[in-house]
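A closer look at the structure
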Amino acid sequence: MSLLEIKSLHVRVDNHEILKGIDLQVNAGEVHSIMGPNGSGKSTLAQVLARRETYAVSAGEVSFNGKDLLAMKPEEAACEGIFMAFQYPVEIPGISNAYFLRSALNAIRKNRGLDEIDAMDFLPMFREKLKLLDMDEKLMNRSVNEGFSGGEKKRNEILQMAVLEPKLAILDETDSGLDIDALKIVAQGVDAMRNPERAIIVVTHYQRLLNYIVPDFVHVLVDGRIIRSGGAELALELEEKGYGSIEAEVR
Amino acid sequence: MITATQQLGSYLENFSEFEKLAAGRDLPWLRKMRRDAFARFCEVGFPTIRDEDWRFTNVSAIAQTPYHLADDGRDQVSRQQLECYRIAGVGSQLVFVDGRFARELSLLNRLPAEVRVSSLAREISSTPGAIEPHLGRYLDIHRDAFCALNTAFAEDGAYVHVPRGTLVEEPICLLFVSTGDDAPSMSHPRNLIVAEEDSHATFVEDHVSLDGGAVFSNTVTELVAGDHTVLSHYMLEREHPQAFHISTLRIQQGRSANFVSHSVLLGGALVRNNVHPVLGGEGGECLINGLFIGNGYQHLDNYMLVEHARPRCGSRQFYNGILDGHAHGVFHGRIIVHKDAQKTNAKQTNRNLLLSDDAQIDTKPQLEIYADDVKCTHGATIGQIEGDALFYLRSRGIDEVSARKLLLFAFTSECLDRMKPGPVRRHVEGLINRCLLQMANSAQGAPTGSHARTSQGTGRKSDDHRRRESAR
């Protein structure tokens, strides 16, 4: 049984069909990349998997770890082990980053029948992850993402992922807007989390990130459908030829 | 429906009875003060929404109810009943039942011996000479009918005197308990706080009710902040959902006096909280911090009148409001900069969250500037719980109710952060937490649109004075 199984997924937004039948299987230990031009439905797919309720699923099934993902609320999906790194991380004034992360971790631990972690035990583990992402400890006492630079926000997403240790991590255009140094740090952070129990879906527009996180599979999403799937070499082919030519080939 | 004449008739009856028995009835100055105030009240009657200061708050429900002065209910309240209203870690709490000081129910520990903490009625009888120079000297009964009414019935409440140079670390807490009655009852607690030069102290007014019923409490606090004093005042309103509550805090600030007012309005049906500092000495600083959280059909009106009378004073007002259900909030911030008050720096910010389609906020800045070298800014924002923020928290495993509560709490934390860490802040934090949890539990989806009005400021000359309006 695959960790994630998507069958014939159709999704509408405001009466407009965005996803027109997606089929995808992701096994534990695998890294998949979903590539596609703007407006192809990449982010919609990521958001549906994270259970954003503004997207209406009109047909299809998604099972995660053998359970019906589409019946889950966002918090339930998170507790089951799904994590999405946001393309646009949200600023939340008035809640400190450290408090937010500990609340999230404890919500998930509680769901798994584990004891809550208090602030004292949380700190050393937290510091270690901060180091991994080359983040300043001061950011932890600041409000969630408030006044963070673009790169700091994206690193903060990966930090959350490192703390919450999901079974399936979905990176929604995490590379967009990052300079090359920040991109490397983010990619190293993600790469360090690869293991046989964890799957990662990297949603991206460009191939560059895939130099650092080499995927096992690449899927090309155009106009709500996966038009081609292949290995890591497909990303390079895309970079060279562009989406247009692959679209033309398929037609 | 009761006509105006009948209404005044009922107050006249109450007043005649009161005057015969009240403490200090033999003091000519006090007798005159009460009579003048009552005459003033009769002359103007209750305000209506045609009155600019009462544009958003209709008090006809108060005007039309025939209240009688609350009977002495001190015997009917037990210490045990008040346990839940004590503030953890605080040693002194004066209890007032329907405006009357209840010594038996009060706690009086850990206060420096030189600080006089007593009941106004007692001081009027025993040392009227200490009261006369201050009582009624700062409050303007001509501006506000409720202040006139309170003064007409002024008898009991708290009297606090902090002598020169005294540092009072323990907060001085005043608990006002309304008990309710079969018939509609009213009380007019009157507090007088005199803090002499270079003293430091914190005062807490906590208003609660033991039973339901038609109660109308109309409180006035006159606070004299001497030169170089550092004082804080907390006003906590958490009466039951049928209570009518009007309160006025009048502060007279001396030279370089630093005053902080915190208002937290959580309870009551119709609440009007007036905060009126007069910066009457050079270099005074005043921070007015407020939070109001309304639900159901609550009406919570925050009225500020900040008067800059001397040069080089600063005032800052920050009010945050959260409104759900059909609740109606008002922020009316008036700043008057008198001719002599050069180098004034006044700032005003009001932020609101509306959680339902039927919640309403009226926010109105009003700047009147008669000096020419001043800096005054104001801004107001109105928003909702952001869907993106809610999803962000939920996507990390935090359930919806907790996420809502966390976001609401984050919104209130700005106000909490302005309070000094300690037992009072912890107490306030607990009250807010409970209130928000209730609100988060009952929340049903995000609103599609809410009724908000931002009135144009009526600032004169103010456009020339770096006036800024922001609406995010």
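Conventions used here
As a convention, each chain's residues are numbered from 1 in the sequence order in which they are written. Written order decides the labels, with chains lettered from A and ligands numbered from 1. Where local features are concerned, this predicted model is filtered to residues with pLDDT of at least 70; where side-chain atom pairs are given and counted, the filter is 80 or more; whole-chain, interface and lining totals use all residues. As a rule, the C-alpha atoms of each element are fitted with a line to give its axis, helices using only the stretch in contact, and angles between N-to-C directions run from 0 to 180 degrees. The helix and strand labels rest on DSSP assignments: H or I over at least four residues marks a helix, E over at least two residues marks a strand, and numbering proceeds from the N terminus. Every angle not falling under 35 degrees, over 145, or within 65 to 115 is termed oblique; those three ranges are roughly parallel, roughly antiparallel and roughly perpendicular. Take the far helix as your reference; a near helix turned counterclockwise from it by less than a right angle gives a left-handed crossing, and one turned clockwise gives a right-handed crossing. Each residue is represented by a C-beta atom placed from its backbone, and any two residues with such atoms within 7 Å are regarded as in contact. Amino acids are sorted into nonpolar (Ala, Val, Leu, Ile, Met, Phe, Trp, Tyr, Cys and Pro), charged (Asp, Glu, Lys and Arg) and polar (every other residue, Gly among them). In short, DSSP must find at least two bridges between two strands for them to pair. The span expected for a helix works out to 1.5 Å for each residue beyond the first. To sort residues by exposure, count the other C-beta atoms lying within 10 Å of each residue's C-beta; 20 or more gives buried, 12 or fewer gives exposed, and values between give partly exposed, all with C-beta atoms placed from the backbone. Take the buried Ala, Val, Leu, Ile, Met, Phe, Trp, Tyr and Cys residues, join any whose C-beta atoms are within 7 Å, and the set you get is a nonpolar core. For every residue, the predictor states its confidence as a pLDDT score lying anywhere from 0 to 100.

All names here are of chain B. Running from N to C, helix α8 (residues 387–394) and helix α9 (residues 400–417) cross one another at 125°; their axes reach a closest spacing of 9 Å. The angle between the axes of α8 and α9 places the two elements in the oblique class. Seen along the crossing, α8 lies across α9 with a hand that is right-handed. Here Ala-389, Leu-390, Leu-393 and Arg-394 of α8 lie close against α9, whose contacting residues are Glu-400, Ala-403, Arg-404, Leu-406 and Leu-407. For the contact of α8 with α9, a count of residues per class yields six nonpolar, no polar and three charged.

Residue and element names in this part refer to chain A. Strand order across the open sheet formed by six strands is β6-β9-β10-β3-β11-β12, with mixed pairing between neighbours. Of all the strands in the sheet, the pair left with one neighbour each is β6 (82–85) and β12 (225–230). For this sheet, the mean inter-axis angle between neighbouring strands, taken without regard to orientation, is 20°. In terms of strand pairing, strand β9 (residues 168–172) meets strand β10 (residues 199–204) through five bridges, oriented parallel. If you follow Leu-171 over to β10, its bridge partner there is Val-202. Where helix α8 (residues 233–250) meets the sheet, it contacts β3 (31–35), β11 (217–222) and β12, and its direction lies at approximately 140° from that of β12.

It is worth spelling out the packing of helix α5 (residues 150–164) of chain A against helix α6 (residues 180–191) of chain A at this point. Residue and element names in this part refer to chain A. It is the contact of α5 with α6, at a shortest axis distance of 10 Å, that shows an interaxial angle of 5°. With respect to their mutual orientation, α5 and α6 come out roughly parallel. Facing α5, whose interface residues are Gly-151, Lys-154, Arg-155, Ile-158 and Ala-162, α6 presents Ala-182, Ile-185, Val-186, Gly-189 and Val-190. When the residues that make up the contact of α5 with α6 are grouped by side-chain class, the tally is six nonpolar, two polar and two charged.

Turning our attention to the sheet that holds strand β2 (residues 16–26) of chain A. Strand order in this open sheet of four strands is β2-β1-β4-β5 (chain A), and the pairing throughout is antiparallel. Where the open sheet ends on each side, the last strands, each with one partner, are β2 and β5 (67–68) of chain A.

Our next topic: the interface of chain B and chain A. With 16 residues of chain B at the contact, the number on the chain A side is 20 residues. Of all elements in the fold, only α8 and α9 of chain B reach the threshold of two or more residues within the side of chain B that touches chain A. The element contributing the most residues to the side of chain B that touches chain A is α9 of chain B, with six residues.

With that settled, the discussion passes to α6 of chain A. Residues and elements named next belong to chain A. Relative to the 16 Å expected for 12 residues at 1.5 Å per residue, α6 spans 16 Å between its end C-alpha atoms, a close match to the ideal helical length. Among the residues of α6, Leu-183, Ile-185, Val-186, Ala-187, Gly-189 and Val-190 are the ones counted as buried. Residues of α6 that are buried sit in contact with α4 (119–132), α5, β9, β10 and α7 (209–212).

Ile-82, Met-84 and Ile-170 of chain A together with Phe-96 of chain B are the most contacted members of the largest nonpolar core, which has 205 residues in total. When sequence neighbours within four positions are dropped, the list of residues in contact with Met-84 of chain A reads Ala-46, Leu-49, Ala-50, Ile-170 and Asp-172 of chain A together with Ser-395 of chain B.

Turning our attention to the confidence of the model for chain B. All names here are of chain B. Summary statistics for chain B give a mean pLDDT of 91 and a share of 92% for residues scoring 70 or more. The low-confidence segment residues 444–451, where pLDDT is below 50, has 14 contacts with residues more than four positions distant or belonging to other chains. The ipTM, which scores confidence in the relative placement of chains, is 0.96 for this predicted complex, and the corresponding pTM is 0.86.

It is worth spelling out the environment of Gly-267 of chain B at this point. Topologically, Gly-267 of chain B is positioned in the loop between β14 (258–265) and β15 (270–279). It is 31 Å that separates the C-alpha atoms of Gly-267 of chain B and Glu-43 of chain B, two residues lying 224 residues apart in sequence.

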